[in-house]
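A closer look at the structure
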Amino acid sequence: MRKITTFALLATAVVALGCGAGSTDNASSSSNDAGGAKGEEKAAKTAKIGQPARDGKFEFTVKSSKCGVAKVGSDLVGEKAQGQFCLVTVNVKNIGKEAQMFDGSSQKAYAADGTEYSSDTGAAIYANKNAETFLNDINPGNQVTGVVVFDIPKKVKLAKLELHDSPFSGGVTVALS
């Protein structure tokens, strides 16, 4: 019971922090003086496939995105998509001064209508040949390349990714089209 209560309080705090951060951004972008600067900052934070984009201690470069995959893994062991898997190959470089762990579950994908999709860490284990790629710390100056997997409905097309160096970072946007 105590673990459940602690988890509930932690989850509530995370949601509250997320809601507060969003309202701060909206308030500052609605003022006339900061509107132009804020718009420029947002534009500078959006990258395309093949372009490096930074968030916190990581520099992300999305190499490719492939959707319509029904299963990941081998014939013997794997995972089937509820809808379709989108496999996003990402290079992650640590640009900080200390080790940082890449957490695939902190990454988000969005459809054109704004619907948010979380990554499927279970499927990512099967999609990455060297599963340790995203489970070990990345030391400063080092980089790894791996696949982040999203399980989305069959008729949905992803428009952008939001990549994070940690669950609490602001994130950086990468357009997929």
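Preceding block: the structure.
Quantities reported herein were computed from a predicted structural model and do not represent experimental measurements. Residue numbering note: each chain is counted from 1, following its sequence as written. Local features in this predicted model are restricted to residues of pLDDT 70 or higher, and side-chain atom pairs are both shown and tallied only at a pLDDT of 80 or more, whereas totals for entire chains, interfaces and linings draw on every residue. As a rule here, side-chain values cover all heavy atoms of the structure and leave hydrogens and water aside.

1. Structural notes on the packing of aromatic side chains
Only centres within 6.5 Å qualify two rings of Phe, Tyr or Trp (six-membered ring in Trp) as a pair; their planes then separate them into stacked at under 30 degrees, edge-to-face at over 60, and tilted for everything else. Here the structure, examined in full by the defined rule, presents 3 aromatic pairs. Considering the side-chain rings of F58 and F102, the 6.2 Å spacing of their centres and the 55 degrees angle between planes classify their relative orientation as tilted. Residue F58 is found in strand β3 (residues 58-73), and its partner F102 is found in the loop between β5 (100-101) and β6 (108-111); the two are separated by 44 residues along the sequence. Each member of the pair F58 and F102 is classed as buried. Going along the chain from the N terminus, every DSSP run of H or I of four or more residues is numbered as a helix, and every run of E of two or more is numbered as a strand. Burial here depends on accessible area, computed with a 1.4 Å probe over protein chains only, as a share of the maximum for the residue type. Under 20% is buried, over 50% is exposed, and the range in between is partly exposed.

2. So, the nonpolar core
F60, V62, F150 and L161 are the most contacted members of the largest nonpolar core, which has 23 residues in total. Mapped by element, the contributors of at least two residues to this core are β3, β4 (78-94), β6, β9 (143-152), β10 (158-163) and β11 (172-175). Among the elements that take part in this core, β4 stands out by supplying 4 residues, more than any other. Contact definition: two residues touch when any of their heavy atoms are within 4.5 Å. Each residue touching L161, except ones within four places of it in the same chain, is listed here: V62, V88, K108, A109, F150, V172, T173, V174 and L176. What is meant by a nonpolar core is a set of buried Ala, Val, Leu, Ile, Met, Phe, Trp, Tyr and Cys residues, joined one to another through side-chain atoms within 4.5 Å. Judged by nonpolar contacts, the second largest core, of 9 residues, contains F85, L87, A123 and A124.

3. With respect to the pairing of β11
Successive side chains on a regular strand alternate, one facing one side of the sheet and the next facing the other. Taking every second residue as pointing to the same face, the buried face of β11 carries V172 and V174, while none of T173 and A175 on the other face is buried. Pairing between strands is defined by DSSP: at least two bridges between the two strands are required. Direction of pairing for strand β1 (residues 46-48) relative to β11: parallel, over a ladder of 3 bridges. For T46, the partnering residue across the bridge sits in β11 and is T173.

4. Some details on the state of the cysteines
When two cysteine sulfur atoms lie within 2.5 Å, the pair is treated as a disulfide. Going through the model one piece at a time under the given rule, you end up with 1 disulfide. Here C67 is linked by a disulfide to C86, with a sulfur-sulfur distance of 2.0 Å. For the disulfide bridge between C67 and C86, the dihedral angle about the S-S bond is near 115 degrees, and by the sign convention the bridge is right-handed. Of this pair, C67 sits in strand β3 while C86 sits in strand β4; the two residues are 19 residues apart in sequence, bridging distant segments of the chain. Note on C67: relative accessible area 34%, which makes it partly exposed.

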